[in-house]
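Chain by chain, the residues run as shown.
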Amino acid sequence: MQDDEWIERLSQALFEQDPMHTCCVENDAYDEYDGVALSIARRLAQSDNLEHALAVIFQRYFEAVPDDLAGLAARIESRLQG
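Values in this document were obtained by computation on a predicted structure and should not be read as measured data. (Residues numbered from 1 in each chain as written. Predicted model: local features only at pLDDT ≥ 70, side-chain atom pairs only at ≥ 80, totals over all residues. Heavy atoms only, no water.)

**Focus: the overall build of the protein chain**
Right, on to step 1. Of the regular secondary structure elements, the protein chain holds four helices and zero strands.
Right, on to step 2. Element order for the protein chain, N to C, with α for helix and β for strand: α-α-α-α.
Right, on to step 3. For 82 residues, the compact-globule formula gives about 12 Å, and the C-alpha radius of gyration of the protein chain, at 11 Å, lands near that figure.
Right, on to step 4. With respect to the three principal axes, the spread of C-alpha positions in the protein chain is 35 × 25 × 20 Å.
Right, on to step 5. Taking all 82 residues of the protein chain together, 40% fall into the buried category.
Right, on to step 6. Pairs at least 24 residues apart make up 45% of the contacts formed inside the protein chain by residues separated by at least 6 positions.
Right, on to step 7. Only carbon and sulfur atoms are counted for the fraction: they give 42% of the accessible area of the protein chain, which is about 4900 Å². (Helix = DSSP H or I, 4+ residues; strand = E, 2+ residues; numbered from the N terminus. Rg over C-alpha atoms; globule rule 2.2 N^0.38 Å. Buried < 20%, exposed > 50% of the residue type's maximum accessible area, 1.4 Å probe, protein only. Contact = heavy atoms within 4.5 Å. Areas by Shrake-Rupley, 256 points an atom, 1.4 Å probe, with all protein chains shown as cover.)

Here you go:
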């Protein structure tokens, strides 16, 4: 599984993107995606790819998948590598 710093960066990237339109940025809900990020990290530890992990976990948490899932995955991967 990814380390705590990676999970925190993933949560921050999701917060900034707010792919599920929770208004977390407007409401300063910095921890909005903490649980989602942890679940994605756990899913990735099972040799899943990021795009599929995002789809599975967002469906579980929000009963929906973000629009432009491939674009979201690419932006997050870029952010986590940089």
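**Here we look at the nonpolar core**
Right, on to step 1. Grouped together as the largest cluster of nonpolar side chains are 26 residues, with contacts concentrated most on Leu10, Leu14, Ile40, Leu54, Phe58 and Ile76.
Right, on to step 2. Elements represented by at least two residues in this core include exactly α1 (4-17), α2 (34-44), α3 (50-62) and α4 (69-81). (Core = buried A, V, L, I, M, F, W, Y, C linked by side-chain atoms within 4.5 Å.)

**Some points on the packing of α2 against α3**
Right, on to step 1. Packing of α2 against α3 brings their axes to within 9 Å, and their N-to-C directions diverge by 135°. In terms of orientation, α2 and α3 fall into the oblique class. In this structure, α2 crosses over α3, and the sense of that crossing is right-handed. Each of Gly35, Val36, Ser39, Ile40, Arg43 and Leu44 in α2 lies in contact with α3, whose residues at this interface are Leu50, His52, Ala53, Leu54, Val56, Ile57, Phe58, Arg60, Tyr61 and Phe62. (Axes fitted to C-alpha atoms, helices over the stretch in contact; angles between N-to-C directions. Parallel < 35°, antiparallel > 145°, perpendicular 65-115°, else oblique. Left-handed = near helix turned anticlockwise from the far one by under 90°.)

**Some thoughts on the environment of Ser47**
Right, on to step 1. One can find Ser47 in the loop between α2 and α3.
Right, on to step 2. Judged by its relative accessible area of 69%, Ser47 is exposed.
Right, on to step 3. Taking C-alpha positions, Ser47 is 19 Å from Gln59, a pair spaced twelve residues apart along the chain.

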